[in-house]
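Chain by chain, the residues:
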Amino acid sequence: MIKIENLTININKVSVEEDGLLDSQVPSVVRDELVSTLRIISEDSRFAGQTVIIPDECEKYGFAEGEFDLPELLEFLADMLE
């Protein structure tokens, strides 16, 4: 679940042809689904113009301090995971 201000998006498991269920034990499948989900959310018009503020302490996790456009940040994260 992703909650940004007053907006909540629930993401359900996506079925695949092999067993009918997403096998969460296969890292590449989980990563691909996460990348797809990030791309879908980044294109949602409800997020246009919204920003994310990353505080100074997050540099230890590899994020630069500052204010970033939410859709662009989600696309960046999807690109990095891909």
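Anything mentioned here points back to the structure above.
Anyway, here's the lowdown on the structure attached to this text. None of the values given here were measured: they were computed from a predicted structure.

Calculation rules
Numbers given to residues run from 1 along each chain, matching the order in which its sequence is written. A pLDDT threshold of at least 70 governs which residues receive local features in this predicted model, and a stricter bar of 80 or more applies before side-chain atom pairs are shown or counted, although totals over entire chains, interfaces and linings include all residues. Note: side-chain values were computed over all heavy atoms of the structure, leaving out hydrogens and water. Numbering of helices and strands runs from the N terminus, with a helix taken as a DSSP run of H or I at least four residues long and a strand as a DSSP run of E at least two residues long. Between the first and last residue of a helix there are one fewer steps than residues, each counted as 1.5 Å, and that sum is the expected span. Under the scheme applied here, a residue whose accessible area is under 20% of the maximum for its type counts as buried, over 50% as exposed, and between as partly exposed, the area being computed with a 1.4 Å probe on protein chains only. In this description, one arc is meant: the one made by directions from the helix axis to the C-beta atoms. Counting of polar contacts relies on pairs of N or O atoms within 3.5 Å, with two restrictions inside protein: one atom must be capable of donating a hydrogen and the other of accepting it, and residues adjacent in sequence are counted only when both atoms are side-chain atoms. To form a nonpolar core, buried Ala, Val, Leu, Ile, Met, Phe, Trp, Tyr and Cys residues must be joined to one another through side-chain atoms within 4.5 Å. Every residue pair with non-hydrogen atoms within 4.5 Å of one another is taken to be in contact.

1. Some thoughts on helix 2 (residues 70-81)
Now for step 1: Along its twelve residues, helix 2 runs 17 Å from first to last C-alpha, staying within 8% of the 16 Å computed at 1.5 Å per residue.
Now for step 2: Three or more residues of helix 2 are buried, namely L70, P71, L73, L74 and A78. One side of helix 2 holds all its buried residues, which, seen down the axis, span an arc of 165 degrees. In helix 2, the exposed positions angled more than 90 degrees off the buried face are occupied by E72 and M80.
Now for step 3: Backbone nitrogen of E72 and a side-chain oxygen of the N-cap are separated by 3.2 Å at the start of helix 2; the cap is D69.

2. Looking at the nonpolar core
Now for step 1: Grouped together as the largest cluster of nonpolar side chains are seven residues: V35, L38, I41, F47, L70, L74 and A78.
Now for step 2: Within the residue set of this core, elements represented by two or more residues are helix 1 (27-42) and helix 2.
Now for step 3: Every residue in contact with L74, bar those within four places of it in the chain, is listed here: L38, I41 and S42.

Note that every value here comes from positions in space, so none of it alone points to a role or purpose.
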